[in-house]
Amino acid sequence: MLNIILFGAPGCGKGTQAVRLAEKYDLYHISTGEVIRSEISRGTELGKSMEGYISRGELAPDSIVVEMVRDYMRSHNDKGCIFDGFPRTTAQAEIFDTLLAEIGSKVDAMIFMDVPEEELVKRILLRGKDSGRADDASEDVIRNRIEVYRAQTAIVADHYTKQNKYFEVNGLGTMDEVFNRLSEVIDAQK
Ligand code: ADP
């Protein structure tokens, strides 16, 4: 049972690779960003409470995001999972470790996908043209998300480095090249 965290700045390619890796290794895939967007588009109370944060490019509150993941794990605990966009703060990582321990599980690896900032902005603006995501359309919001990533998220690497679970791959190159690099890291965990 493998639990893999795909880690990196907005636009690094986590979502694309997570879908392919989940299929190859027969794992579930949870993108907290997607769960949040779905709550918002369905107009739920939870969605309404998060809308403002997302549109400004800020993080949703830890307590809400952790509850979403806890909920997901209740019905998806028969095999491992690729976590995409979570945990995004040290507080989330700490609660996540406890949550997994409670169900007799653990994180196996966090894999950082390294992509330079200018490339990130370019990719997100391109994606924004057809994704319809409002937070992908404005360069100001994109830069803010990258800033938030630097200020609050990058440090989560330290948390898993301390547990000897942190790995890095080059996120530049073709999708297949990056996929193969990620696969090598995952194969080494089995
Ligand atoms: P990206 O990685 O391109 O920013 P995501 O779909 O992962 O796209 O996330 C979109 C937005 O959803 C984030 O900017 C943030 O506001 C919110 N979000 C997603 N995951 C989390 C999380 N774990 N904690 C807090 N906010 C989150």
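The model shown is predicted, which means the values in this text are computed figures rather than measured ones.

Student: Looking at this structure, I do not really get the side chain of T89. What am I missing?
Tutor: Here T89 is to be found in the loop between β3 (81–84) and α5 (90–102). Looking at T89, the relative accessible area reads 8%, which means it is buried. Separated by 3.0 Å, the side chain of T89 and the backbone nitrogen of Q92 make a polar contact. In contact with T89, not counting residues within four places along its chain, are L59, D62, Q152 and V156.

Student: Mind showing me how you'd approach the site of the ligand here?
Tutor: If you check the shell around the ligand, you find 20 residues, and the closest are T32, R37, E58, Q92 and R145. Interatomic distance of 3.4 Å between a side-chain N/O atom of K14 and an oxygen atom of the ligand. Residue R127 places a side-chain N or O atom 3.0 Å away from an oxygen atom belonging to the ligand. The protein chains hide 97% of the 540 Å² of surface that the ligand would expose on its own. The biggest single contributor to the shell around the ligand is helix α2 (residues 32–41), with four residues. In terms of residue class, the shell around the ligand is built from seven nonpolar, five polar and eight charged.

Student: Please explain the pairing of strand β1 (residues 3–7) as it appears in this structure.
Tutor: The side chains of a regular strand alternate, residue by residue, between the two faces of the sheet. Summarising burial for β1: five of the five residues are buried, a large majority. Residues N3, I5 and F7 line one face of β1 and the alternating positions I4 and L6 line the opposite face, and both faces are buried. Two elements, β1 and β3, share four bridges in a ladder whose sense is parallel. Residue pairing for β3: L6 is matched across the bridge by D84. Across four bridges, the pairing between β1 and strand β4 (residues 109–114) is parallel. Among the inter-strand pairings, L6 is bridged to a residue of β4, identified as I111.

Student: I'm lost on the environment of G15 in this one. Help?
Tutor: Tracing the backbone through its elements, the reader meets G15 in helix α1 (residues 14–25). When the C-alpha atoms of G15 and I82 are compared, they prove to be 10.0 Å apart, with 67 residues separating the residues in sequence. Excluding anything up to four places from it in sequence, G15 contacts H29 and D84.

Definitions and limits used
- Residues numbered from 1 in each chain as written.
- Predicted model: local features only at pLDDT ≥ 70, side-chain atom pairs only at ≥ 80, totals over all residues.
- Heavy atoms only, no water.
- Helix = DSSP H or I, 4+ residues; strand = E, 2+ residues; numbered from the N terminus.
- Buried < 20%, exposed > 50% of the residue type's maximum accessible area, 1.4 Å probe, protein only.
- Polar contact = N/O pair within 3.5 Å; in protein donor to acceptor, adjacent residues only side chain to side chain.
- Contact = heavy atoms within 4.5 Å.
- Near = heavy atom within 4 Å.
- Areas by Shrake-Rupley, 256 points an atom, 1.4 Å probe, with all protein chains shown as cover.
- Nonpolar A, V, L, I, M, F, W, Y, C, P; charged D, E, K, R; others polar.
- Pairing = 2+ DSSP bridges.

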